[in-house]
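Descriptive structure summary
What follows is each chain in one-letter form.
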Amino acid sequence: DTGVSQDPRHKITKRGQNVTFRCDPISEHNRLYWYRQTLGQGPEFLTYFQNEAQLEKSRLLSDRFSAERPKGSFSTLEIQRTEQGDSAMYLCASSPFAGSETQYFGPGTRLLVL
Amino acid sequence: RKEVEQDPGPFNVPEGATVAFNCTYSNSASQSFFWYRQDCRKEPKLLMSVYSSGNEDGRFTAQLNRASQYISLLIRDSKLSDSATYLCVVFSGGYNKLIFGAGTRLAVHP
């Protein structure tokens, strides 16, 4: 399967714990996006990478959130000191090149904070 | 005000019915528009792009009215497999950010 992959698919954690999610984009896609989706809402943009550079962050991305894409390939999203309000589906998407409007989504990581 | 607004539904229709979804967007400078489909607990998948001239793909027709900042999706001859949430999406230039509406739920019953 050469689509976008995300790991883990599900994560249950206790409030206050740190969690890290991984996204592997489609090979050679240089743009990578993270979105968050809560129940009954559409996905909301969190952050965006072009290669290894993080070019935009939403104000939704508080100081407890950090994302990296160290070698311009896979990306990680870390949430520190999780809160119940962080419970959501975290979606990763990739796009092949500048100007491409099509984003390909991974299956998402569903986070539940108890 | 949300950047993209949709009627959340649900729309409950029988098989074979025609159903229409509407969406409005607030940024008049928006350039590109899409409809995505999302099945329960799955990722969004691109259904079709929306052009001013209209876009038809089989039973699905999408329309854009730039003057009214209004987007529509028409589904003809609904199938059970069309049951899903339909997300109206605006492409925000610059960094290719997608802005999603909250989605409209469709349930097609026998």
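Keep in mind the model is a prediction, meaning the values are calculated, not measured. (Residues numbered from 1 in each chain as written. Chains lettered and ligands numbered in written order. Predicted model: local features only at pLDDT ≥ 70, side-chain atom pairs only at ≥ 80, totals over all residues. Heavy atoms only, no water.)

1. What to know about the sheet that holds strand β6 (residues 55-57) of chain B
All names here are of chain B. Note the cut-off: Strands are treated as partners if at least two bridges between them are detected by DSSP. Helix and strand definitions follow DSSP, with helices as H or I runs of at least four residues and strands as E runs of at least two, each counted in order from the N terminus. All axes here are fitted lines through C-alpha atoms, helices being fitted over the stretch that makes contact, and every angle between N-to-C directions spans 0 to 180 degrees.
Read from one edge of the open sheet, five strands run β1-β3-β8-β7-β6, paired in antiparallel fashion. With partners counted over all chains shown, the strands left at the sheet margins are β1 (4-6) and β6, one partner each. In this sheet, neighbouring strand axes are inclined to one another by 15° on average, regardless of whether the strands run parallel or antiparallel. Two strands pair when backbone bridges link them, and strand β3 (residues 19-25) and strand β8 (residues 70-75) are joined in this way by six bridges, in the antiparallel orientation. Among the inter-strand pairings, Cys23 is bridged to a residue of β8, identified as Ile71.

2. Some details on the pairing of strand β9 (residues 84-92) of chain B
Residue and element names in this part refer to chain B. Condition: Only protein chains enter the accessibility calculation, which uses a 1.4 Å probe. A residue is then buried if its area is under 20% of the maximum for its type, exposed if over 50%, and partly exposed in between.
Among the nine residues in β9, eight count as buried, and that is most of the element. Inspection of the sheet shows strand β4 (residues 32-38) paired to β9 by seven bridges, in the antiparallel sense. Bridging across to β9, Trp35 finds its partner in Cys88. Examined bridge by bridge, β9 and strand β11 (residues 104-109) share three bridges and lie antiparallel to one another. Bridge pairing in β11 places Thr85 opposite Arg105. As judged from the four bridges shared by β9 and strand β10 (residues 97-100), these two strands associate in the antiparallel manner. The residue bridging Val89 from the neighbouring strand is Phe100, located in β10.

3. Description of the state of the cysteines
We apply this condition: Two cysteine sulfur atoms make up a disulfide if the distance between them is within 2.5 Å.
Under the defined criterion, the tally for this structure stands at two disulfides over all chains. What pairs with Cys23(A) in a disulfide is Cys92(A), and their sulfur atoms sit 1.8 Å apart. The chirality of the disulfide connecting Cys23(A) with Cys92(A) is left-handed, given an S-S dihedral of about -65°. Of this pair, Cys23(A) sits in strand β3 (residues 19-24) while Cys92(A) is found in strand β9 (residues 88-95), placing the two residues 69 residues apart along the sequence. Of the two residues examined, Cys23(A) and Cys92(A), each falls in the buried class. A disulfide bridge connects Cys23(B) with Cys88(B), and the sulfur atoms are separated by 2.0 Å. On the sign convention where negative is left-handed, the bridge of Cys23(B) and Cys88(B), at about -75° about the S-S bond, is left-handed. Of this pair, Cys23(B) sits in strand β3 while Cys88(B) sits in strand β9, and the two are 65 residues apart along the sequence. In terms of burial, Cys23(B) and Cys88(B) fall into one category: buried.

4. Describing the pattern of salt bridges
Heads up, the condition is: One speaks of a salt bridge when a side-chain nitrogen belonging to Lys or Arg is within 4 Å of a carboxyl oxygen belonging to Asp or Glu.
Evaluated as defined, the whole model comprises eight salt bridges over all chains. Measuring nitrogen to oxygen at the nearest pair gives 2.7 Å for the salt bridge that ties Arg22(A) to Asp24(A). Accessibility expressed as a relative area gives 32% for Arg22(A), which makes it partly exposed. The shortest N-O distance in the salt bridge between Asp82(B) and Arg59(B) comes to 2.8 Å. Here Asp82(B) is found in the loop between β8 and β9, whereas its partner Arg59(B) is found in the loop between β6 and β7 (60-65), with 23 residues between them in sequence. Its relative accessible area of 2% is what places Asp82(B) among the buried residues. For Arg59(B), a relative accessible area of 22% puts it in the partly exposed group. Here the salt bridges do not stand alone but share partners, grouping Arg64(A), Glu83(A) and Asp86(A) into one network.

5. What to know about the interface of chain B and chain A
In plain terms, the rule: A contact between two residues is defined here by any heavy atoms of the two lying within 4.5 Å. When two parts are brought into contact, each loses some accessible area as probed by a 1.4 Å sphere; the total of that loss over both is the buried area. In protein, a polar contact means a hydrogen-donor-capable atom and an acceptor-capable atom, both N or O and within 3.5 Å, with residues adjacent in sequence counting only if both atoms are side-chain atoms; elsewhere, any N or O pair within 3.5 Å suffices. Gly is put with the polar residues, along with every residue not named as nonpolar or charged; the nonpolar set is Ala, Val, Leu, Ile, Met, Phe, Trp, Tyr, Cys and Pro, and the charged set is Asp, Glu, Lys and Arg.
Taken together, the 20 residues of chain B in the interface contact 25 residues of chain A. Together, the buried faces of chain B and chain A total about 1800 Å²; carbon and sulfur atoms form 50% of this surface. Here Lys97(B) and Glu56(A) are joined by a salt bridge, their closest N and O atoms 3.2 Å apart. Counting the contacts that link chain B with chain A gives four residue pairs in polar contact (both at pLDDT 80 or more). For the side of chain B that touches chain A, the secondary structure elements donating two or more residues are β4, β9 and β10 of chain B. With four residues, β4(B) is the largest single contributor of residues to the side of chain B that touches chain A. Along the lines of polarity and charge, the residues of the side of chain B that touches chain A split into ten nonpolar, five polar and five charged.

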